[in-house]
Amino acid sequence: MPLALLALAVGAFGIGTTEFVMMGLLPNVADDLHISIPTAGHLVSAYALGVVIGAPLLAAVTARLPRRHVLIGLMVLFVAGNALSAAAPDYHWLVAARFVSGLPHGAFFGVGAVVATGLAAPERKARSVSLMFLGLTVANIAGVPVATLMGQHFGWRATFLAVSAIGIAAVAALALLVPADRGHAERTGLRRELGALRSLPVWLALGTTVAGFGALFAAYSYITPMLTGTAGYSESSVTLLLALFGVGSTAGNLLGGRLADHSLRRTLFVGLTSLTVVLALFPVLMRTEWSAALAVILLGLAAFVTGSPLNMMVMEKAAAAPSLASSANQAAFNLANAGGAWIGGVALAAGFGLTSPAVAGAGLAVLGLGVAAIAYAVDRRRAPASTGRLVAAHVPQPQEAARR
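It should be emphasised that the depicted structure is a prediction, and the values quoted were computed from it without experimental measurement. (Residues numbered from 1 in each chain as written. Predicted model: local features only at pLDDT ≥ 70, side-chain atom pairs only at ≥ 80, totals over all residues. Heavy atoms only, no water.)

Q: Please clarify how the overall build of the protein should be interpreted in this entry.
A: Looking only at helices and strands, the protein has 18 helices and zero strands in total. The contacts of the protein with a sequence gap of at least 6 include a subset with a gap of at least 24, amounting to 84%. In the form shown here, the protein has an accessible surface area of approximately 17,100 Å², with 69% of it arising from carbon and sulfur atoms. (Helix = DSSP H or I, 4+ residues; strand = E, 2+ residues; numbered from the N terminus. Contact = heavy atoms within 4.5 Å. Areas by Shrake-Rupley, 256 points an atom, 1.4 Å probe, with all protein chains shown as cover.)

Given below as structure tokens:
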């Protein structure tokens, strides 16, 4: 695999760290800025809003620029957003800075996925995308725990300065390792880029992302009360257990990339089915400590098996605008984050028990399977018509047959 994928993974590591570290720093930020923890929670929403708005917008307006330059520019914006977070004098400034930090997130992964597939052989495209996303999953193993500890001991501002340093390293790696001659986008207009998103298969693929990863976040958003209130773990053990989730998601990401190169659709169906089973078994698995730890690993494994297939599917269905489509898929991931957390919270507030968010997540995974099945049926219905036109175009005419 090309070294350029390492540069993309470094950028993904920084983005993954800054996205998830805020959850662990909320009490520190709230105390320092004299706000409540629910108010500090809006900092998470501000970042997600930046991703949803920035992903399609930045991908569209930079569609005609060299992709290497776009990646570097996005990472520079990422560094600026985190530096502004570190220097924030008050809560409102920090909200704005977190919004700015989220803007390049989706576009970076969207453009990076296109660059990654362009650097790899045809039979390794999905694997190359999974290697870029490896930085995101490794961030949950190492980046987030270390950054959280740094924030707890040296202050939350030190965390964002450290993340800015990671971003600067990513800028240098992108400039040195991503080849300029293979990083240019096709000269397409904004109208054509947006037109590529009007396709029904594209929206079905995006819908599968929202439902499938909404299933993950319905459970993961409330994994701490499940582990402490049901499985019996102490709060001090949760950080280690979340690192186990990172191990499972890393393994799932790599496995999904390898399997998707052989059969994209089958990998997607197997991943969503496995996610449904794991989430449905959560009420049972959370009864003992060892089975709860296993459940956390399996959750990351099953969910992230579907990551590379979903990215590849969206890019294939919007071949005229792969950067924009892949960036829109990142926006869909963050909609899944917000929507899944909300649905899990509704189940919890209704009094169905601490593991009820996971059961609600199982329902969302079934919905994702349904959307994926509809997408498959649409493709099957369109394929015979295309095949028929191709066959008809190659049928020799009587005069041509006589000459042969």
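Next, the rest of the story.
Q: How should helix α16 (residues 322-349) be read in this particular structure?
A: Taking 1.5 Å of rise per residue, the 28 residues of α16 would be expected to cover 40 Å, and the 40 Å separating its terminal C-alpha atoms lies within 8% of that figure. Counting buried positions along α16 yields 20 of 28 residues, so the element is predominantly enclosed. Directly beyond the C-terminal end of α16, a positive phi value near 85° is found at G351. (Expected span 1.5 Å × (residues − 1). Buried < 20%, exposed > 50% of the residue type's maximum accessible area, 1.4 Å probe, protein only.)

Q: For this particular structure, what's the right way to read the nonpolar core?
A: Soluble globular proteins tend to bury their nonpolar side chains together. Residues L174, L216, F282 and M286 are the most contacted members of the largest nonpolar core, which totals 89 residues. The element best represented in this core is helix α9 (residues 200-220), accounting for 10 residues. Not counting residues up to four positions away in its chain, the partners in contact with F282 are I223, M226, A295, L299, T355 and A358. Grouped together as the second largest cluster of nonpolar side chains are 17 residues, V21, M22, L94 and F160 included. (Core = buried A, V, L, I, M, F, W, Y, C linked by side-chain atoms within 4.5 Å.)

Q: Could you clarify how one ought to interpret helix α5 (residues 91-119) in this entry?
A: Owing to its 3.6 residues per turn, the α-helix brings residues three or four apart onto one side. For α5, which comprises 29 residues, the first-to-last C-alpha distance of 42 Å matches the rise-based estimate of 42 Å (1.5 Å per residue) to within 8%. By the criterion of burial, α5 is predominantly enclosed, with 22 of the 29 residues buried. Its side-chain oxygen 3.3 Å from the backbone nitrogen of H92, D90 forms the N-cap of α5. (Polar contact = N/O pair within 3.5 Å; in protein donor to acceptor, adjacent residues only side chain to side chain.)

Q: Would you mind going over a nonpolar patch on the surface with me for this structure?
A: On the surface, L3, L6, L176 and L177 cluster together to form a nonpolar patch covering roughly 420 Å² of accessible area. By the element assignment, L177 lies in helix α7 (residues 156-177). For L177, a relative accessible area of 30% puts it in the partly exposed group. (Patch = residues over 30% accessible without salt bridge, like charges linked within 9 Å, V, L, I, M, F, W, Y side chains within 5 Å. Salt bridge = Lys/Arg side-chain N within 4 Å of Asp/Glu carboxyl O.)

Q: Explanation requested: the packing of aromatic side chains in the structure shown.
A: Here the distance between the centres and the angle between the planes together describe a pair of aromatic rings. Across all of its chains, the model carries eight aromatic pairs by this definition. Measuring from centroid to centroid gives 6.0 Å for F108 and F109, while their planes differ by 80°, and the two rings are edge-to-face. For the pair F108 and F109, a shared accessibility class is recorded, and that class is buried. With a centroid separation of 6.1 Å and 80° between ring planes, the pair formed by W156 and F160 is classed as edge-to-face. Pair noted here: W156 and F160 are both in helix α7, with a separation of four residues, about one helical turn. Comparing W156 with F160, the two get one shared label, buried. Three or more aromatic residues joined by ring pairs make a cluster, and in this case those are F213, Y220, F245, F304 and F333. (Phe/Tyr/Trp six-rings, centres within 6.5 Å; stacked < 30°, edge-to-face > 60°.)

Q: Please explain the pattern of salt bridges as it appears in this structure.
A: Side chains bearing opposite charge may pair, as long as their charged atoms lie close to each other. Counted by the stated rule, this structure contains two salt bridges. Residue R157 is joined to D32 by a salt bridge in which the shortest nitrogen-to-oxygen separation is 3.7 Å. One end of the pair, R157, is in helix α7; the other, D32, is in helix α1 (residues 4-33), with 125 residues separating them in the sequence. Judged by its relative accessible area of 38%, D32 is partly exposed. Close ionic contact of R265 with D379 constitutes a salt bridge, the shortest N to O distance being 2.3 Å. Within this pair, whereas R265 is found in helix α12 (residues 264-280), its partner D379 is found in helix α17 (residues 356-393), the two being separated by 114 residues in sequence. Each member of the pair, R265 as well as D379, is classed as buried.

Q: Whenever I open this one, the confidence of the model for the protein confuses me. Can you help?
A: Note that predicted coordinates carrying low pLDDT should not be read in detail. When the pLDDT values of the protein are averaged, the result is 83; 89% of them are 70 or greater. The secondary-structure element of the protein with the lowest mean pLDDT is helix α18 (residues 398-403), recorded at 42, while helix α13 (residues 282-285) shows the highest, at 95. Low pLDDT (under 50) marks residues 385-404, which in the prediction has one contact with non-local residues, meaning those over four places away or in another chain. (pLDDT = per-residue confidence, 0-100.)

Q: Even after reading the chapter, I still don't get the packing of helix α6 (residues 125-154) against α7, so can you show me in this structure?
A: In a pair of packed helices, the angle between the axes and the distance between the axes together describe the arrangement. Packing of α6 against α7 brings their axes to within 6 Å, and their N-to-C directions diverge by 140°. Our classification of the angle between α6 and α7 gives oblique. From α6, A147, M150, G151 and F154 reach across to α7, where they touch W156, A158, T159 and A162. Grouping the constituent residues of the contact of α6 with α7 by class yields six nonpolar, two polar and no charged. (Axes fitted to C-alpha atoms, helices over the stretch in contact; angles between N-to-C directions. Parallel < 35°, antiparallel > 145°, perpendicular 65-115°, else oblique. Nonpolar A, V, L, I, M, F, W, Y, C, P; charged D, E, K, R; others polar.)

Q: Sorry, what's going on with the environment of T148 here?
A: Along the polypeptide, T148 turns up in helix α6. Between the alpha carbons of T148 and N28 there is a distance of 10.0 Å; along the sequence they are 120 residues apart. Excluding anything up to four places from it in sequence, T148 contacts V21, G24 and L25.

Q: I keep staring at the environment of A169 and nothing clicks. Help me out?
A: Relative to the assigned elements, A169 resides in helix α7. Here the alpha-carbon distance between A169 and G14, two residues 155 residues apart in the chain, equals 9.4 Å.

Q: Would you take a moment to explain the side chain of T117 for this structure?
A: Looking at the element boundaries, T117 is found in helix α5. Among residues more than four places away in sequence, those in contact with T117 are K125, S128, V129, M312 and M315.

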